[in-house]
Amino acid sequence: MLGRKVTGDRERETISKAKTFMPAGNGNTVAQDVMIRDGKGPIVWDMSGNEYIDYLLGSGPMVIGHAHPNVVAAVVEQIGRGSTFFAPNDFEVELAEEIVNAVPCAEQVRFLSSGTEATQMAMRVARAYRKREKILKFEGGFHGMNDYSLMSLAPSSPPDFPKPSPDSAGIPHGVQSSVLVAPFNDLETTTAIIDKHHNEIAGVIVEPMQRVIPPKPGFLQGLRDVTLQYEIPLIFDEIVTGFRFAYGGGQEYYGVIPDLCTLGKAVSGGFPMSAVVGRSEMMAHFDSDRVPSDEFMPQVGTLNGNPVAAIAGIETLKVLRQKGTYEKLFQIGQSIKDGFQRLLNEAEIPAKIIGEAPMFDILFTDNEIVDYRSTLTADKGKMVNLNKLLIERGVFKGDVKYYVSTVHTEEHVKQTLDAFESALQQLPG
Ligand SMILES: Cc1ncc(COP(=O)(O)O)c(C=O)c1O
């Protein structure tokens, strides 16, 4: 039965221990009072056995569902033969080859272990290649937790562009002078900043769909044009959009090819792995034989490219390559989006559903959402309350975003819409 019906003693005890032994519980922001224990396909269960339709999907990686039998079989077999070697292995090479086949900008691949590392390395490649220091990012754009990414992700009082605002304590002040910030979807302002600072800019990093805000028609192409004009490397952070919006990611879906991109989440089917990929002449900075010693970027990591994660990625990508996969993913996502919008309209609650079918969210506002500042007009409290009501009714999602998988079905959509309708009836005004 769907929904949070009971909380057993063991789960209650574990929740309390988490707060004792780990600062702020586990640190991730999702429902701190639920301990997820199992997952299968699009369903997760908590420690007390309550069942939920999962739209968090591990924050995105489980795009083909939890514990997919092909992934499990391949991973279990490899674990019995060794989990990690640090030495090269054939699976990382096979996965790298498949990424190059799939992703338009990918000529070469360097594996890392998290998205945070991948964006940090991609920015470093841009600096090494272009021999400049500054990175231009977009206000509200998320690129993980490294010092450069945690600039103007969620400023409470945003400074004038292009000045960045640090999002975390502990970031050296010097980092601020290496980052410029522009408004997403505002090509005119972005171009003006690039025109003025092009001589200092090493690279531009952008999520092709920023969080759940789709790019306006022409925005990504305009960014591509101006970065090409000044020969500035353009980095797409495709940690979310990669293998999700299309097999070739956001760059295939939106038809704009960057110089470099970062991949994570879906690329390794729920195991820790990420990648920087891109044009060979830029990736050359990882290779001491191809660049002068002062342009070389040493880069190693204990678990990078480990065979278990690589195999999980290979098997996940095989499933994604099956005929009709993306059509189905988009169809299910669209059914949920349409259903939510209909129910919100019927309840006369002003709200917008933004994003693309495989990943979207609801913002409680009448305003058009085009950038970070416009998201500030949304009623966040309402969103928090709705998320809680949904968990009680068996719909599990993160603080932001619904992720849809290839194994959600029309039956799950129906159950989700029933839960949503009931949650809206209880939603405080
Ligand atoms: C667009 C984007 N970039 C980077 C990251 C960071 O990835 P990780 O959590 O693997 O460090 C995330 C994580 O959600 C992301 O959404």
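Residues numbered from 1 in each chain as written. Predicted model: local features only at pLDDT ≥ 70, side-chain atom pairs only at ≥ 80, totals over all residues. Heavy atoms only, no water.

**Looking at the overall build of the chain**
The cut-off we apply is this: The secondary structure listing takes helices from DSSP runs of H or I that are at least 4 residues long and strands from runs of E that are at least 2 residues long, numbered from the N terminus. Our radius of gyration is a C-alpha quantity, and the globule rule it is checked against amounts to 2.2 Å times the number of residues to the power 0.38. In this scheme, a residue with accessible area under 20% of its type's maximum is buried, one over 50% is exposed, and one in between is partly exposed, where area comes from a 1.4 Å probe on protein chains only. Contacts: residue pairs with any heavy atoms within 4.5 Å of one another. Only the protein chains shown count as cover for residues, and all accessible areas are computed by the Shrake-Rupley method using a 1.4 Å probe. Here Asp and Glu are counted as negative and Lys and Arg as positive; His is not counted, and neither are the chain ends. Charge positions are represented by NZ for Lys, CZ for Arg, CG for Asp and CD for Glu.
On a plain count of helices and strands, the chain comes out with 13 helices and 14 strands. In terms of C-alpha radius of gyration, the chain reaches 22 Å, essentially the compact-globule figure of 22 Å for 429 residues. C-alpha atoms of the chain, sized along the principal axes, occupy 65 × 55 × 45 Å. By the burial criterion, 56% of the 429 residues in the chain qualify as buried. A sequence separation of at least 24 residues applies to 70% of the contacts in the chain between residues at least 6 apart. Working note: accessible area of the chain is about 18400 Å², and carbon and sulfur atoms make up 53% of it. Across the chain, the 41 positively charged side chains and the 54 negatively charged ones have centroids separated by 3 Å.

**A look at the confidence of the model for the chain**
Our working rule: Think of pLDDT as the predictor's per-residue confidence, scored from 0 to 100.
Here the chain shows a mean pLDDT of 96. Residues at 70 or above account for 99%. Taken element by element, the predicted model of the chain shows its lowest mean pLDDT in helix α1 (residues 9-21) (92) and its highest in strand β8 (residues 234-237) (99).

**With respect to unusual backbone geometry**
In this structure, the amide linkage connecting Phe-161 to the following residue, Pro-162, adopts the cis form with an omega of 5°. Relative to the helices and strands, Pro-162 resides in the loop between β5 (134-138) and β6 (179-182). Notably, Lys-131 is not glycine yet its phi reads approximately 55°, a positive angle. If you trace the backbone, Lys-131 turns up in the loop between α4 (115-130) and β5. The backbone phi angle of Asn-185 is positive, close to 70°, even though this residue is not glycine.

**As for the sheet that holds β8**
The following threshold applies: Two strands pair under a simple rule: DSSP has to find at least two bridges between them. For helices, the fitted line uses only the C-alpha atoms of the stretch in contact; every axis is such a line through C-alpha atoms, and the angle between N-to-C directions lies from 0 to 180 degrees.
Spatial strand order, β4-β10-β9-β8-β7-β5-β6: 7 strands in an open sheet with mixed pairing. In this open sheet, the two strands that pair with only one neighbour each are β4 (108-112) and β6. Neighbour-to-neighbour, the strand axes of this sheet turn through a mean angle of 20°, independent of strand direction. Across 3 bridges, the pairing between β8 and strand β9 (residues 260-263) is parallel. By the bridge assignment, Ile-235 is partnered in β9 with Leu-260.

**Some remarks on the sheet that holds strand β1 (residues 36-40)**
Pairing is mixed across the open sheet formed by 4 strands, whose spatial order is β1-β2-β3-β13. Of all the strands in the sheet, just β1 and β13 (395-396) have a single pairing partner and so form its edges. Relative to β13, strand β3 (residues 51-54) is paired through 2 bridges, and the arrangement is parallel. Bridge pairing links Ile-53 to Val-395 in β13.

**Topic: helix α9 (residues 307-321)**
Convention followed: For a helix, the expected span equals 1.5 Å multiplied by the number of residues minus one. Think of a polar contact as two N or O atoms within 3.5 Å of one another; within protein, one of them needs to be a possible hydrogen donor and the other a possible acceptor, and neighboring residues in sequence only count if both atoms come from side chains.
Given a rise of 1.5 Å per residue, 15 residues ought to cover 21 Å, and the 21 Å separating the end C-alpha atoms of α9 matches this to within 8%. Among the 15 residues in α9, 13 count as buried, and that is most of the element. Sitting at the head of α9, Asn-306 places a side-chain oxygen 3.2 Å from the backbone nitrogen of Val-308.

**Remarks on the pattern of salt bridges**
Opposite charge on two side chains permits pairing when their charged atoms draw close. Put simply, the rule is: Take a side-chain nitrogen of Lys or Arg and a carboxyl oxygen of Asp or Glu: if they are within 4 Å of each other, that pair is a salt bridge.
Inspection of every chain in the model, using the stated rule, returns 16 salt bridges. For Arg-373, the salt bridge goes to Glu-139, with nearest N and O atoms at 2.7 Å. Taken as a pair, Arg-373 in helix α11 (residues 372-375) and Glu-139 in the loop between β5 and β6 lie far apart in primary sequence, 234 residues in all. When the shortest N-O distance is used, the salt bridge between Arg-393 and Glu-392 registers 3.6 Å. Using a relative accessible area of 43% as the deciding quantity, one classes Glu-392 as partly exposed. In this structure, a network of salt bridges that share partners links the residues Arg-224, Asp-259, Arg-279 and Glu-281.

**So, the nonpolar core**
Counted only if it meets this: What we call a nonpolar core is a set of buried Ala, Val, Leu, Ile, Met, Phe, Trp, Tyr and Cys residues that are connected through their side-chain atoms within 4.5 Å.
Counting 93 residues, the largest nonpolar core has Ile-99, Val-103, Phe-243, Val-277, Ile-362 and Phe-420 as the members making the most contacts within it. The element that contributes the greatest number of residues to this core is α9, accounting for 8 residues. Once residues lying within four places of it in the same chain are set aside, the contact partners of Phe-420 are Phe-340, Leu-343, Leu-344, Ile-362, Leu-386, Leu-390 and Tyr-402. Of all hydrophobic cores here, the second largest spans 19 residues; its members include Met-123, Ala-126, Val-276 and Met-282.

**Quick notes on the site of the ligand**
The test is simple: Each residue is tested against the molecule or strand, and it is near if at least one of its non-hydrogen atoms lies within 4 Å.
Around the ligand sit Ser-114, Gly-115, Thr-116, Phe-142, His-143, Gly-144, Glu-207, Arg-211, Asp-237, Ile-239, Val-240 and Lys-265, and those are all the residues in its vicinity. Arg-211 has a polar side-chain atom sitting 3.0 Å from an oxygen atom of the ligand. Relative to its unbound accessible surface of 390 Å², the ligand loses 80% to contact with the protein.

**Side note on the layout of surface pockets**
Defined as follows: Each cavity reported here is a set of points on a 1 Å grid over the protein atoms alone in which a 1.4 Å probe fits but cannot get out, each pocket an open set with protein on both sides within 12 Å along at least five of seven lines, and each lining residue one with an atom within 4 Å of a point. Grid points are joined across faces, edges and corners, and a volume is the space filled by probe spheres set on the points. Residue classes follow a fixed rule: Ala, Val, Leu, Ile, Met, Phe, Trp, Tyr, Cys and Pro count as nonpolar, while Asp, Glu, Lys and Arg count as charged, and any other residue, Gly among them, counts as polar.
Approximately 320 Å³ is the volume attributed to the second largest pocket. Around the second largest pocket, the lining comprises 21 residues; the ones closest to its centre are Phe-86, Glu-92, Arg-110, Gly-301 and Asn-304. Top contributing element to the lining of the second largest pocket by residue count: β4, with 3 residues. Here the residues of the lining of the second largest pocket sort into 12 nonpolar, 7 polar and 2 charged.

**Remarks on the packing of helix α5 (residues 187-197) against helix α6 (residues 219-229)**
Quick note on the threshold: An angle below 35 degrees is read as roughly parallel, one above 145 as roughly antiparallel, one from 65 to 115 as roughly perpendicular, and any other as oblique. Should the near helix be turned counterclockwise from the far one by less than a right angle, the crossing is left-handed, whereas a clockwise turn marks it as right-handed.
Relative orientation of the contacting elements α5 and α6 amounts to 15°, with a least axis distance of 10 Å. Our classification of the angle between α5 and α6 gives roughly parallel. For the pair α5 and α6, the sense of crossing is right-handed. Of the residues in α6, those touching α5 at Leu-187, Thr-190, Thr-191, Ile-194 and Asp-195 are Phe-219, Gly-222, Leu-223 and Val-226. Classifying every residue of the contact of α5 with α6 by side-chain character gives 5 nonpolar, 3 polar and 1 charged.

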